[in-house]
Every structure is written in C-alpha cells, then in structure tokens.
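# Structure assessment
Okay, here's what each chain looks like letter by letter:
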Amino acid sequence: MRFLLKNEMLIPEALSDKSGAKRISEHKSSYPQSFNPIFKYSSELQRLLYGKQLLLEEIPFPFEDIHNHYLNGFLQYRKCIEKMKDGYFCVRCGNSDQKLFASFSCARCRQECAYCRKCINMGRMSQCTVLVSWTGPSPLSKIPEKPLVWDGTLSDGQKRASTELINTVQENDQLLIWAVCGAGKTEILFEGIENALKSGKKVCIATPRTDVVIELAPRIKSAFPEVDVIALYGGSEDRNKAAPITLATTHQLLRYYKAFDMIIIDEVDAFPYSVEPMLQYAVNQAKKDISSTICLTATPNQAWKNEIANGKRKAVTIPARYHRHPLPVPEFVWCGNWEKMMKKKRLPRNVLAWIKEHLNVGKQAFLFVPRITYLESIVDILRTVDIRIAGVHAEDSDRKDKVARFRSGEIPILVTTTILERGVTVPNIDVAVIGTEDKIFTESALVQISGRVGRSAQYPNGEILFFHYGRTKEMIKAKQHIENMNNEALQNGFIN
Ligand SMILES: [Zn+2]
Ligand SMILES: [Zn+2]
C-alpha cells in the first residue's frame, strides 16, 4: 500500500482514492487477517485499540508505529465515510440519511470532503479520516478461578432465567429476559457473566441511560471484586481502558468494533435506544460475529411480544418480584375534566383528597402528570396545601437534588413527568397518575410507573391510582399486562 501525503497527515492510498471503498469492503470480509507472529507488537497499542474503532487522530502514537502494526497485520484501517451508489454511508454510526451529511473544503485532503453530522459529537468523521481497529491477538486478562463473589440466593423466577442465560452464553445465541419491575434483574446476570468470563469471553452490559451505568457499576464490581470493570458514559474517566467487563451507554459503543462475546442490553425499550437506529447499529458493530446477545426489559414492544408468542424470539419471563409478593394492580378512578379545573387553579376533589390523606398519614407518593405545562400549575396548587411539595421534569437542573430530598423524606409528595417512570426506587411509596388518558401514557409507560410501587421486601404493597377523564386502551392493556404477570407467577409458584 502506498501513502499519499495530505497536509500533515499520511493517508493510506486505498482509503483516499476512488476505488477505496470497494477495496475496503473486500478487506473487511477477510477479517480477521493473519498477523506476523514474530513482529513485536506494542501491548499499549493493543490495550488501547482492542475491540475499538478509533480515529487515527485519537491514537496517541506516532503514525509510523501505527502503520508498522498495520503492515504486520495487527491493525485494520477502514474508511469512515463510504460513497455508495445511492449516496454516502457512515461506517461508524450507520447513517445513510443524506440530509445528515455535509461537506467542507478540507485542509487535509485538499478536496471537498463529506462528513457525517449524525455522530459528529464523537469526533468528526469525514471522507479522509480513517478508523483503526486491532486485529492482532487479544490482550490477556487475569480471571480468577471463582470470579463471582456473591452470597445471595436467587428466587425461583430468577433461577429459571439465570439457567436460560447460561445456555444462551454457551450457545452464542440470543435471549430476551422479560422481567417485571423489581424482579431483581441484576442478580440474574451474575452466573451468566461468570460463565462467560471463565471461558475468556469479553462481556458488555449496555444501556441507553447513563444513570443505569452509574448505578450498576458498584454492584457489578462488588459481585466480581477481582475482575476489572470499566464504566463508560459521556465524561467518564475509563475511556481509554479495556477490561473483561465493560459497562457502557449504548452511545459509547460507537467506539467499539467486534469487541464483545457477550452483550447485555438493559432496558432495551428505553429512550433513545428504542427509537434511534444509530444505537442499534452501534450494538451490532460492537459485538463479535460469534457472540451472545441478551436483552432485558419489563415492557417489550408489541412486535417483540408477537414474536415471542409465535416462537420466533427466544424469551424467558420472570413474572414475579424477588420478594414473592404480587405486583400492585392499578385502580382506575374517574376525576372529571381536570384540565378545565386547572384553568380555575383547582384540582379534582378526589385527587386533592388523595394528596391530603397522604400528607396526614405521612406516606410519601409520586404524582405523575402528562406534561410540563400542567406540572407547574399543579405544583403551585399543591404548595398552598403543603409548601414542601415539589415537582421535577426532564429539563429541571435540580432533578437529582429533588429526587435525593424525596428519598430522604424531606419532600412528602413529588410531582413528576414521565421522566421518573424508570429507575427511581424508593421504598414504601404510593403512586397516582393524573390525566392517565393522555397519549403520553402508553401501556409500557403505565407499567413502568406502576412498577415504582411495592418494590422493597419490607413494604411489598402499595397503591397505584390512575385518575382519568375517560379510560383508554393503553390503560386497560397496562392493567392486563400486570394481571397476566401475577397469574403466571401464581401458576409457577413464584408468589405466595
Ligand atoms: Zn478531507
Ligand atoms: Zn456517523
């Protein structure tokens, strides 16, 4: 391969000429290429690049060093932007929407150079940039004989899923774990991860949400105390590290390429993964050709439910919480034209009575509202009853602080948009939704919201009320969803 000097950067010729895209794709299909076994490779470069796809300029090594590794078969170069028959294609993020490409007069290649706008916040990918990946041997990681140090026990429902998970890992298959909110899904993963680690596999737990990565990291580290675990999210310090267990936001996987033998996607139905093809592309790029994929969710979408019912998707359900109590079932309560009342700065009488009753007995509650505009008016009304009541929404910069104050008991009632439908676990609370007929409250949102109640073993029960001005199909489906899970749990002996 010859090199063209373009400004200060050397560009492999195959990547810069017109036929490059074709040669690159031939090159891709020959992966992994064979490497020269007597070449002394740099273990630092190996650790930095193994399983990754980084831009040449992201690699803090002299170009000669990098290219020497390439010549000896230890690295692979790929063009970032391919020119296809019907336009550009971004190799890193899978974007082929031509509206999301732009071009600029490039100082490096001295041409009009097209770049991808879709993944630009991970570094600009243009036609003359090169993605570099490691194709040499994988770095050895020390795995103790017994990597899992955990003395808890799995419930019957968890056990069933854990066994299924181990099979999936061994067969490099795919599996959907459909676990109710509060099933204890992290523990279900432990034995499967241990099994993978023992056979030298690289494990990734990916999730759309940064808070989940931050919350999971210490739990995984304490279950696998002698195994290196890294946590990747925007701003994390582990970016240039590699480890047998990687926790990452699905976004961060854009930097990975054929890295993982086992990939677990937690909350697979959560925003933005569920609606963003780029993130699904990133997950597919990040896993090895032969690997296992495990998806976790409490609320699979309808297409997946159909596939499960038709036997087209392998799935295991955990219909019960680990504490063996049934899921609290929502009650529907008609509250009249609440929007009209809001205009007169009033709340429906039964909603207000519910709030006052909670304040009187000192039981905490979430009140979910459909929109930010209502949130502020409702909080204003409720603060005339009790000044400690507060509201949170997605753009609220005090969100974390307010949730913390709710946890500590300082805030008795927290009014919230659907932003808190997932992830927040507070023992012994009740939940109500006002305006449940709003289209923002889908079956899955309502199941997640109901899932906030009764999660702890000390307080396994609680109340969940859907205040509405006309019942919707989604409300009915959500209630059926929960009742079906309780029935299945009862039939399997998973609840008392
Ligand atoms: Zn260029
Ligand atoms: Zn892109």
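In this convention, every chain numbers its residues from 1, walking through the sequence in written order. Here the convention is simple: chains get letters from A, ligands get numbers from 1, in the order in which they are written. Restriction of local features to residues with pLDDT of at least 70 applies here, the model being predicted, together with a cutoff of 80 or more for giving and counting side-chain atom pairs; totals for whole chains, interfaces and linings are based on all residues. With hydrogens and water excluded, all non-hydrogen atoms of the structure serve as input to the side-chain values.

Here the term donor refers to an N, O or S atom within 2.8 Å of the metal (or 3.2 Å for Na, K and Ca), and because water is left out of the atoms, sites may appear incomplete. Protein coordination of the zinc ion (ligand 2) is provided by Cys90 (SG), Cys93 (SG), Cys116 (SG) and Cys119 (SG), with donor distances spanning 2.3 Å. Angle rules define the geometry names used: all angles between 85 and 135 degrees makes four donors tetrahedral, while opposite donors over 155 degrees apart and all other angles between 65 and 115 make four donors square planar and six octahedral, leaving every other case irregular. Given four donor atoms and angles of 105 to 112 degrees at the metal, the environment of the zinc ion (ligand 2) is assigned as tetrahedral. Each donor residue of the zinc ion (ligand 2) lies on the same chain, and together they follow the pattern C-x2-C-x22-C-x2-C. What makes Cys93 buried here is its relative accessible area of 3%. Between buried and exposed lies partly exposed: a residue is buried under 20% and exposed over 50% of the maximum accessible area for its type, with that area taken using a 1.4 Å probe on protein chains only.

Looking now at the confidence of the model for the protein. In predicted models, pLDDT denotes the confidence assigned by the predictor to each residue on a 0 to 100 scale. With 93% of its residues at a pLDDT of 70 or more, the protein shows a mean pLDDT of 89. By the convention used here, residues are in contact when the closest approach between their heavy atoms is within 4.5 Å. The model gives residues 1-10 a pLDDT under 50, and that stretch makes 32 contacts with residues more than four places away or in other chains. Across residues 16-32 the pLDDT falls below 50, and counting only partners more than four positions away or on other chains, this stretch makes 26 contacts in the model.

Six octahedral donors around a metal ideally subtend angles of 90 or 180 degrees, whereas four tetrahedral donors ideally subtend 109.5 degrees. Distances from the zinc ion (ligand 1) to its protein donors, namely Cys106 (SG), Cys109 (SG), Cys113 (SG) and Cys128 (SG), fall within the range 2.3 to 2.4 Å. One can describe the donor arrangement at the zinc ion (ligand 1) as tetrahedral, given that its four donor atoms subtend angles of 102 to 120 degrees at the metal. Summarised as a motif, the one-chain spacing of the donors to the zinc ion (ligand 1) is C-x2-C-x3-C-x14-C. On the basis of relative accessible area, Cys109 is assigned to the buried category, the value being 8%.

Another aspect to go through is the environment of Trp178. Put simply, DSSP H or I for four residues or longer makes a helix, DSSP E for two residues or longer makes a strand, and each gets a number counted from the N terminus. Positionally, Trp178 belongs in strand β10 (residues 174-179). Not counting chain neighbours up to four residues away, the residues in contact with Trp178 comprise Thr297, Ala298, Pro300, Lys305, Ile308, Val316, Thr317, Ile318, His481 and Met485.

Looking now at the pairing of strand β21 (residues 429-434). A regular strand places its side chains on the two faces of the sheet in alternate fashion. β21 sits mainly inside the fold: six of its six residues count as buried. Here β21 shows two buried faces, one formed by Ile429, Val431 and Val433 and the other by Asp430, Ala432 and Ile434. Two strands form a pair only when DSSP identifies at least two bridges running between them. As paired elements, strand β18 (residues 364-368) and β21 share five bridges and run parallel to each other. From the neighbouring strand, Phe368 faces β21, where its bridge partner is Val433. Looking at chain direction, β21 and strand β22 (residues 464-468) are connected through four bridges and run parallel. The partner of Ile434 across the bridge, within β22, is Phe467. A crossover gets the label right-handed when its path from the first strand over the helix to the second runs clockwise, viewed with the strands pointing away from the viewer. For the crossover that starts at β21, traverses helix α14 (residues 443-450) and ends in the parallel β22, the hand is right-handed.

Turning our attention to the sheet that holds strand β4 (residues 75-79). With respect to topology, three strands assemble into an open sheet ordered β3-β9-β4, the strand pairing being antiparallel. In the strand order of this sheet, the two ends are held by β3 (54-55) and β4, each with one partner. With two bridges joining them, β3 and strand β9 (residues 130-134) adopt antiparallel strand pairing. Looking at β9, one finds that Leu54 is bridged to Val132.

As a further point, take the environment of Val379. By the element assignment, Val379 lies in helix α12 (residues 372-383). Taking the relative accessible area as the measure of exposure, Val379 reaches 11% and is therefore buried. In the structure, Val379 is positioned 23 residues away from Lys402 in sequence and 14 Å away in space, judged by C-alpha atoms. Beyond its immediate sequence surroundings of up to four residues, Val379 is in contact with Ile389, Ala390, Gly391 and Val415.

This next bit is on the sheet that holds strand β16 (residues 315-318). Through backbone hydrogen bonds, the strands of a sheet pair up, either in parallel or in antiparallel fashion. Read across the open sheet, the seven strands follow the order β12-β13-β11-β14-β15-β10-β16; overall the sheet is parallel. Bordering the open sheet on either side are β12 (229-232) and β16, each of which pairs with just one other strand. Strand-to-strand twist across the sheet, computed as the mean angle between neighbouring axes with direction ignored, equals 15 degrees. For strand β11 (residues 203-207) and strand β14 (residues 260-266), the ladder comprises four bridges, and the chain directions are parallel. For Ile205, the partnering residue across the bridge sits in β14 and is Ile264. Docked against the sheet, helix α6 (residues 185-198) engages β10, β11, β13 (245-249), β14, β15 (287-297) and β16, running at close to 175 degrees with respect to β14. Helix α9 (residues 302-309) contacts β10, β15 and β16 of the sheet and is inclined by roughly 110 degrees relative to β10. Axis definition: a line fitted to C-alpha atoms, over the contacting stretch in the case of helices. Angles run 0 to 180 degrees between N-to-C directions.

So, on to α14. In terms of burial, α14 is a largely internal element, seven of the eight residues being buried. Every buried residue of α14 is listed here: Glu443, Ala445, Leu446, Val447, Gln448, Ile449 and Ser450. Along its buried surface, α14 packs onto α9, β18, β21, β22 and α15 (473-491).

Put simply, buried Ala, Val, Leu, Ile, Met, Phe, Trp, Tyr and Cys residues joined by side-chain atoms within 4.5 Å make one nonpolar core. Ranked by size, the top nonpolar core spans 39 residues in total, and within it Ile177, Ile193, Phe224, Met262 and Ile264 carry the most contacts. Those residues in contact with Ile193, other than ones at most four positions away along the chain, are Val203, Ile205, Phe224, Ile245, Met262 and Ile264. By size, the runner-up hydrophobic cluster in this structure holds 35 residues, among which are Cys80, Leu253, Tyr256 and Ile265.

The next thing to look at is the side chain of Thr317. Assignment of secondary structure puts Thr317 in strand β16. Here Thr317 falls in the buried class, since its relative accessible area comes to 16%. Here a polar contact is taken to be a pair of N or O atoms separated by no more than 3.5 Å, where protein atoms must pair a possible hydrogen donor with a possible acceptor and residues adjacent in sequence count only if both atoms sit in side chains. Looking at Thr317, its side chain comes within polar contact range of the side chain of Glu488, at 2.6 Å. In this view, Thr317 contacts Arg160, Trp178 and Glu488; residues no more than four positions away in its chain are not counted.

Moving on, we get to the pattern of salt bridges. Opposite charge on two side chains permits pairing when their charged atoms draw close. Salt bridges, as used here, are contacts in which a Lys or Arg side-chain nitrogen is within 4 Å of a carboxyl oxygen on Asp or Glu. One pass over the structure, following the stated rule, counts 29 salt bridges. In this structure, Arg255 and Glu58 form a salt bridge, with 2.8 Å as the shortest nitrogen-oxygen distance. Within this pair, whereas Arg255 is found in the loop between β13 and β14, its partner Glu58 is found in the loop between β3 and α4 (63-71), the two being separated by 197 residues in sequence. Arg255 sits in the buried class, given a relative accessible area of 9%.

For each structure, a 1 Å grid was placed over the protein atoms alone; sets of points admitting a 1.4 Å probe that cannot get out are labelled cavities, open sets with protein on both sides within 12 Å along at least five of seven lines are labelled pockets, and lining residues have an atom within 4 Å of a point. Grid points are joined across faces, edges and corners, and a volume is the space filled by probe spheres set on the points. Counted according to the given criterion, the structure contains three cavities of 30 Å³ or more. A volume near 100 Å³ is recorded for the largest cavity. In this structure, the largest cavity is lined by Val180, Cys181, Ala298, Arg321, Leu327, Pro328, Val447, Ser450, Gly451, His481, Ile482 and Met485. Contributing elements (two or more residues each) for the lining of the largest cavity: α14 and α15. For the lining of the largest cavity, the element with the highest residue contribution is α15, accounting for three residues. Any residue that is not Ala, Val, Leu, Ile, Met, Phe, Trp, Tyr, Cys, Pro, Asp, Glu, Lys or Arg is counted as polar, Gly included; the first ten are nonpolar and the last four charged. Here the lining of the largest cavity is built from residues that sort into eight nonpolar, three polar and one charged. Looking at which domains feed residues into the lining of the largest cavity, each of domain 2 (156-318) and domain 3 (331-491) supplies at least three. The source of the domain bounds is an automatic or database domain assignment.

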